[in-house]
Amino acid sequence: MKTNKYILYLLSIVLLFPLSSCNDDFLEFYPEDKITSANFPQNEEDIELLLNGVYALLRENSIYNEGLFGFGVLDGATPNAFNWGNTPIARAGSGQLNSSDGSIVNFRWTRSYGIIFRANYLLQALDQVDLSEGDKNIYRAEARFLRGLAYSILAEGFGGVPIILNAISTEEARSISRASQEETWDQVMADYNMAIDNLGAEAPELGRATKGAALAMKMRALLYQSKFDQVLEVIDEIEALGKYSLFPSYEGLFKLENENNAEVIFDIQYISGENSQGSLHDQYCGTGTGSWTRGSRYVPTDDLVNAYETIDGSAVDPNNPYEGRDPRLGFTVVVPGAYILGYRFPNYTYPGGAFNHPGNRLKHLSARKYRIEPEADLPPSGQSGLNNIVIRYADVLLSKAEAIIETNGDIDEAINLINRIRTERDDVKITSLPMGLSQEEARAKLRHERRIEFALEGLYWADIKRWEIGDELYPLEIKDHNGDVIETKFPNGYLDFYRLLPIPDSEISLNGNLTQNPGW
């Protein structure tokens, strides 16, 4: 929605009022120059305004929240990256998170329910407007898609949560109980299915949901539930659309000039400029420029760098450790000796190295993905127009490979899908995996490929939890360029209860019927 994303200030006022009808016992006068529940919505333009208000909550403009999808910042809660400072996302990555933390705990809960509230309001408001049933169903489908997306974030992060499908009173909100995680996922499926049945392959406007987006997010929700047979069925529907393919350039996927290409199934739209319609992602979560106002809030780790293979599958040259590696390393991470912003970073010391924030002790590596280059093209802080990709076609291919492997299907077919990721792009050509692997061997290759392909895109956190491999990865020492330990992630090991976030203390204090997740 590059051309239609300014949300009127009055929208926030409108959404504070419950839908209500007039009381026939009184003569009521409504000022014509103000928006109230009595005169809003009146037409399709008002409905579009409400819909834009739901989409707007997908966007994130603060450096202190990781956003609903996390992207690279959420990788700071994994071995892929290090988040400096005493922030909730940093504590989530080190095993020190608690139920009173903001950001990853409170933010994900409140923002998700904000989407649900606005979607429910829109669904009820449609009954007040004179539109054809076909048009109403499209708006309903988009609202259900967005509501399903919010519930999927809650189900994956918190487990079972209160399910709210219409406007409720304050008293009801303070007494509602949690549904089970299965019931929450069932609601996700119901919302996505309604969207799939009513959305077209093409969006009414750039950035809005499509049938493909609803199918892809349903695929991911099923993957996170380990319902692999159903994953394969949904992927068949995605492929039947004949719409998506791998973009020829991995590096180009994350550049402004290639937005909304054939690999992107759903993304969050930003436009450059003031008034908070731009993103801070590339400013605070990408390589800096030497100024404290720009620099990495998350920084890739040596553990991630070491996971990248060489192009030909040979051993890494210890004298030239960054040479001959999978090209995705250079497109994702700024390594010593790399060129970025038009000049070379030959050393490790600030303000050389990768130009990370001076407060960040990890200075020899930095994030490159989603970074706008060259330096002359950098927009002012918070005004990046670069979209964030929520789900892309590579995820479809690797999800299909995983589902085939986990259902003990044709392992060679799964390996062929993984090899498409490794060989099909113009700028990524690495040795194909061999045929004839066992299920266990193929599973290891698939998990490695997902980590590399989606590095700093915020997916590894969920993958670690659903694969239940935290105890294999932690404790993990994070070291600086001198080999000194900066931090140990999960020093006491990764415990089972970390797979769910705690319910925010602030929510439990308001509602005695909300129970805390075990372990927190």
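Residues numbered from 1 in each chain as written. Predicted model: local features only at pLDDT ≥ 70, side-chain atom pairs only at ≥ 80, totals over all residues. Heavy atoms only, no water.

**Student:** Describe the overall build of the chain, naming the residues involved and giving the relevant values.
**Tutor:** Secondary structure summary: the chain contains 19 helices and 10 strands in total. Within the span of the chain, comprising 520 residues, buried residues form 57% of the whole. Contacts in the chain between residues far apart in sequence, at least 24 positions, make up 70% of those at least 6 positions apart. When the accessible surface of the chain is totalled, it reaches about 21000 Å², and 49% of it is carbon and sulfur. (Helix = DSSP H or I, 4+ residues; strand = E, 2+ residues; numbered from the N terminus. Buried < 20%, exposed > 50% of the residue type's maximum accessible area, 1.4 Å probe, protein only. Contact = heavy atoms within 4.5 Å. Areas by Shrake-Rupley, 256 points an atom, 1.4 Å probe, with all protein chains shown as cover.)

**Student:** Go over unusual backbone geometry, please, and point to the residues and values.
**Tutor:** The amide bond that connects Tyr474 to the next residue, Pro475, takes the cis arrangement and shows omega of 0°. Relative to the elements of secondary structure, Pro475 occurs in the loop between helix H18 (470-473) and strand E9 (476-479). Not every positive phi belongs to a glycine, and Ser226 is a case in point at roughly 60°. Note that Ser226 resides in the loop between helix H9 (211-224) and helix H10 (228-240). By relative accessible area, which is 41% here, Ser226 ends up partly exposed. Within the chain, Phe490 stands out as a residue other than glycine whose phi angle is a positive 50°. Within the element layout of this structure, Phe490 appears in the loop between strand E10 (485-489) and helix H19 (505-510).

**Student:** Could you give me a rundown of the nonpolar core, with the residues and numbers involved?
**Tutor:** If you look at the biggest cluster of nonpolar residues, it comprises 149 residues, and the most contacted ones within it are Leu58, Phe69, Ile104, Phe145 and Phe266. The biggest single contributor to this core is helix H6 (residues 133-158), with 12 residues. (Core = buried A, V, L, I, M, F, W, Y, C linked by side-chain atoms within 4.5 Å.)

**Student:** Hey, could you go over the packing of aromatic side chains for me, with residue numbers and the actual values?
**Tutor:** Using the criterion set out here, one finds 16 aromatic pairs in the structure. Here the aromatic rings of Trp109 and Tyr113 are separated by 5.2 Å at their centres, their planes lie at 50°, and the arrangement is tilted. Of this pair, Trp109 and Tyr113 both sit in helix H5 (residues 106-125), four residues apart, which is roughly one turn of that helix. Judged by centre distance (6.0 Å) and plane angle (65°), the rings of Tyr498 and Trp520 are edge-to-face. Of the two residues, Tyr498 sits in the loop between E10 and H19 while Trp520 sits in the segment after H19, which places them 22 residues apart along the sequence. Looking at Tyr498, the relative accessible area reads 17%, which means it is buried. (Phe/Tyr/Trp six-rings, centres within 6.5 Å; stacked < 30°, edge-to-face > 60°.)

**Student:** Could you give an account of the pattern of salt bridges, with specific residues and numbers?
**Tutor:** Oppositely charged side chains are able to pair whenever their charged atoms sit close together. Enumeration over the complete set of coordinates arrives at 30 salt bridges. Of the charged contacts in the structure, one is a salt bridge between Asp395 and Arg450, with a shortest N-O distance of 3.0 Å. Here Arg450 lies in helix H16 (residues 439-453) and Asp395 lies in helix H14 (residues 393-406), a separation of 55 residues in the sequence. Note on Asp395: relative accessible area 2%, which makes it buried. Here the residues in one salt-bridge network are Glu263, Glu309, Asp326, Arg328, Lys369, Arg392, Arg422, Arg425, Glu449, Glu453 and Glu457, joined through shared partners. (Salt bridge = Lys/Arg side-chain N within 4 Å of Asp/Glu carboxyl O.)

**Student:** Pulling in residues and values, what's your account of H10?
**Tutor:** With 13 residues, H10 extends 19 Å between its outermost C-alpha atoms, agreeing within 8% with the 18 Å of an ideal straight helix rising 1.5 Å per residue. Of the surrounding elements, those touching the buried residues of H10 are H9 and H14. (Expected span 1.5 Å × (residues − 1).)

**Student:** Got a sec to walk through the confidence of the model for the chain? Specific residues and values, please.
**Tutor:** If pLDDT is low for a region, its predicted coordinates should not be looked at in detail. When pLDDT is averaged across the chain, the result is 86; 84% of the residues are at 70 or more. Confidence drops under pLDDT 50 across residues 3-32; counting only partners more than four residues distant or on other chains, this segment forms 40 contacts. (pLDDT = per-residue confidence, 0-100.)

**Student:** Explain the side chain of Ser399 residue by residue, including any values.
**Tutor:** Residue position: Ser399 is located in helix H14. Setting aside anything within four residues of it in sequence, one finds Ser399 in contact with Met219, Leu223, Val231, Ile235 and Arg450.

**Student:** If you had to explain the packing of H10 against H14 to someone new, which residues and values would you point to?
**Tutor:** H14 packs onto H10 with a crossing angle of 145° between their chain directions and a minimal axis gap of 9 Å. Seen from above, H10 lies across H14 with left-handed handedness. Contacts between H10 and H14 involve Phe228, Val231, Leu232, Ile235, Ile238 and Glu239 on the former and, on the latter, Tyr393, Val396, Leu397, Ser399, Lys400, Glu402, Ala403, Ile404 and Glu406. In terms of residue class, the contact of H10 with H14 is made up of 10 nonpolar, one polar and four charged. (Axes fitted to C-alpha atoms, helices over the stretch in contact; angles between N-to-C directions. Left-handed = near helix turned anticlockwise from the far one by under 90°. Nonpolar A, V, L, I, M, F, W, Y, C, P; charged D, E, K, R; others polar.)

**Student:** Let's hear about the environment of Gln128: which residues, and what values?
**Tutor:** Within the secondary structure layout, Gln128 lies in the loop between H5 and H6. Measuring from C-alpha to C-alpha, the distance between Gln128 and Gln42 comes to 7.2 Å, with 86 residues separating the pair along the chain.

**Student:** Which residues make up a negative patch on the surface, and what values do they have?
**Tutor:** Where like charges cluster on the molecular surface, the negative patch consists of Asp197, Asp229, Glu233, Asp236, Glu237 and Glu239. Ranked by the residues each element gives to the negative patch, the list is headed by H10, at five residues. Along the chain, Glu239 falls in helix H10. (Patch = residues over 30% accessible without salt bridge, like charges linked within 9 Å, V, L, I, M, F, W, Y side chains within 5 Å. Lys, Arg positive; Asp, Glu negative; His and termini not counted. Charge placed at Lys NZ, Arg CZ, Asp CG, Glu CD.)

**Student:** I'd like a rundown of helix H17 (residues 460-467), residues and numbers included.
**Tutor:** Across the eight residues of H17, eight count as buried, placing the element largely inside the fold. Listing the buried residues of H17 in full gives Tyr460, Trp461, Ala462, Asp463, Ile464, Lys465, Arg466 and Trp467. Of the residues flanking the end of H17, it is Glu468, one or two places downstream, whose phi is positive at about 55°.

**Student:** Go over the packing of H9 against H10, please, and point to the residues and values.
**Tutor:** Contact pair H9 / H10: the axes reach a minimum separation of 9 Å and the direction vectors enclose 165°. Judged by the inter-axis angle, H9 sits roughly antiparallel to H10. Both H9 and H10 take part in a crossing whose hand is left-handed. On H10, the residues touching Leu215, Ala216, Lys218, Met219, Leu222 and Leu223 of H9 are Phe228, Gln230, Val231, Val234, Ile235, Glu237 and Ile238. Of the residues contributing to the contact of H9 with H10, the split by class is 10 nonpolar, one polar and two charged. (Parallel < 35°, antiparallel > 145°, perpendicular 65-115°, else oblique.)

**Student:** Account for the environment of Leu68, naming residues and giving values.
**Tutor:** Mapped onto the elements of the fold, Leu68 is located in the loop between helix H2 (44-56) and helix H3 (71-75). Considering only alpha carbons, one finds Leu68 and Ala150, 82 residues apart in sequence, at a separation of 8.6 Å. When residues no more than four places from it in sequence are discounted, the contact partners of Leu68 are Leu57, Leu58, Phe107, Arg108, Arg111, Ser112, Ile115 and Ile153.

**Student:** Pulling in residues and values, what's your account of the side chain of Asp326?
**Tutor:** Within the secondary structure layout, Asp326 lies in the loop between helix H12 (302-307) and helix H13 (327-332). Only 2.7 Å separates the side chain of Asp326 from the side chain of Arg328, close enough to count as a polar contact. Excluding residues within four positions of it along the chain, Asp326 makes contact with Tyr308, Glu309, Thr310, Ile311, Val428, Ile430 and Ile452. (Polar contact = N/O pair within 3.5 Å; in protein donor to acceptor, adjacent residues only side chain to side chain.)

**Student:** Got a sec to walk through the pairing of E9? Specific residues and values, please.
**Tutor:** Both faces of the sheet carry side chains from a regular strand, because those side chains alternate between them. Alternating positions in E9 separate cleanly, Leu476 and Ile478 being buried on one face and Glu477 and Lys479 remaining unburied on the opposite face. Direction of pairing for E9 relative to E10: antiparallel, over a ladder of four bridges. If you follow Lys479 over to E10, its bridge partner there is Val485. (Pairing = 2+ DSSP bridges.)

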